[in-house]
Amino acid sequence: MKSTDTDESDADEDEPSEGRSPALIATAVALPIALVAGVLVMGVLANRHPTREPLVLGAVGAPAATGPQCSALLPALPEKFGDYTTSELVQPAPAGAKAWQQADGGDAIVLRCGLERPMEFNRASPLQVVNNVNWFDVRDSTSGAASGTYWAVDRGTYIALTMPDNAGPTPLQEISDAITKAIPQQPLDPGPLPN
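Anyway, here's the lowdown on the structure attached to this text. These numbers were taken from a predicted model, which means no experiment stands behind them. (Residues numbered from 1 in each chain as written. Predicted model: local features only at pLDDT ≥ 70, side-chain atom pairs only at ≥ 80, totals over all residues. Heavy atoms only, no water.)

## Quick word on the overall build of the protein chain
Next, step 1: What the protein chain contains, in helices and strands, is four helices and eight strands.
Next, step 2: Helices and strands in the protein chain line up, N terminus first, as α-α-α-β-β-β-β-β-β-β-β-α.
Next, step 3: Burial analysis of the protein chain (195 residues in total) assigns 31% to the buried set.
Next, step 4: Of the contacts formed within the protein chain by residues at least 6 apart in sequence, a portion of 60% connects residues at least 24 apart.
Next, step 5: Roughly 12500 Å² of accessible area belongs to the protein chain as shown, and the carbon and sulfur atoms make up 56% of that amount. (Helix = DSSP H or I, 4+ residues; strand = E, 2+ residues; numbered from the N terminus. Buried < 20%, exposed > 50% of the residue type's maximum accessible area, 1.4 Å probe, protein only. Contact = heavy atoms within 4.5 Å. Areas by Shrake-Rupley, 256 points an atom, 1.4 Å probe, with all protein chains shown as cover.)

## With respect to unusual backbone geometry
Next, step 1: Between glutamine 91 and proline 92 the backbone carries a cis peptide bond, its omega angle lying at 0 degrees.
Next, step 2: A positive phi is found at asparagine 132, a non-glycine position, where the angle reads about 70 degrees.
Next, step 3: Structurally, the position occupied by asparagine 132 is in the loop between β5 (128-130) and β6 (133-138).

## A word on the packing of aromatic side chains
Next, step 1: On inspection of all chains with the given rule, the structure shows three aromatic pairs.
Next, step 2: Grouped by ring-pair contacts, the aromatic residues Phe121, Phe136 and Tyr158 constitute a single cluster. (Phe/Tyr/Trp six-rings, centres within 6.5 Å; stacked < 30°, edge-to-face > 60°.)

## Concerning helix α4 (residues 170-182)
Next, step 1: Its 13 residues give α4 an end-to-end C-alpha distance of 18 Å, which sits within 8% of 18 Å, the value for a rise of 1.5 Å per residue.
Next, step 2: All of the buried residues along α4 are Pro171, Leu172, Ile175, Ser176, Ala178 and Ile179. Mapping the buried residues of α4 onto a view down its axis gives an arc of 165 degrees, with all of them on the same face. (Expected span 1.5 Å × (residues − 1). Arc of directions from axis to C-beta.)

## Here we look at the state of the cysteines
Next, step 1: Within the structure shown, the criterion is met by one disulfide.
Next, step 2: At a sulfur-sulfur separation of 2.1 Å, the disulfide partner of cysteine 70 is cysteine 113. Taking the torsion about the S-S bond as the criterion, the cysteine 70 to cysteine 113 disulfide, at about -90 degrees, is left-handed. Residue cysteine 70 is located in helix α3 (residues 68-73), and its partner cysteine 113 is located in strand β4 (residues 105-115); the two are separated by 43 residues in the primary sequence. When sorted by exposure, cysteine 70 lands in the same class as cysteine 113, which is buried. (Disulfide = S-S within 2.5 Å.)

## Concerning the nonpolar core
Next, step 1: By size, the foremost hydrophobic cluster in this structure holds 23 residues, and its most contacted members are Leu73, Leu111, Trp135 and Ile175.
Next, step 2: Of all elements in the fold, only α3, β4, β6, β7 (147-152), β8 (158-164) and α4 reach the threshold of two or more residues within this core.
Next, step 3: A total of four residues in this core trace back to one element, the largest contributor, which is α4. (Core = buried A, V, L, I, M, F, W, Y, C linked by side-chain atoms within 4.5 Å.)

Rendered as structure tokens:
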């Protein structure tokens, strides 16, 4: 009799149990793995296109910012320069201003139109002409800043373009083209020589 019982218990071990099927176990293992992989992929994709915060621009004296020259210039400006695209400005944004940043933020290119003549601009100021626009370059060489401000000084209103040194020449060239098309050239009006 003993041998019969052993044969019956061996037969029971060969039959599949009614508890959990192999497909159910495989699904239970694969589902969490797929979920974790999906979360990781979404994280990588989100970091490729980080959201850029709106840019805060402080107010400056710009008495002609809402005038006809700036009203003609602002819509004529490019939307992008290479990796720099138009930035959203925190409201209320100053009149006559536009900015561009890279996708990850960082130093911005900022244009302000309708400003008063810069104090540094006088009859002895060196100018550079870029695409028919006379620019006066102002830099603070003592602070070690990696940016500078160029002033368009021949349009009847003053336009300042502040940009990081690593932005290259393209923004200055393309903005000069937009200025040339939107605002007619005027005679220079530098300040007097300093005492």
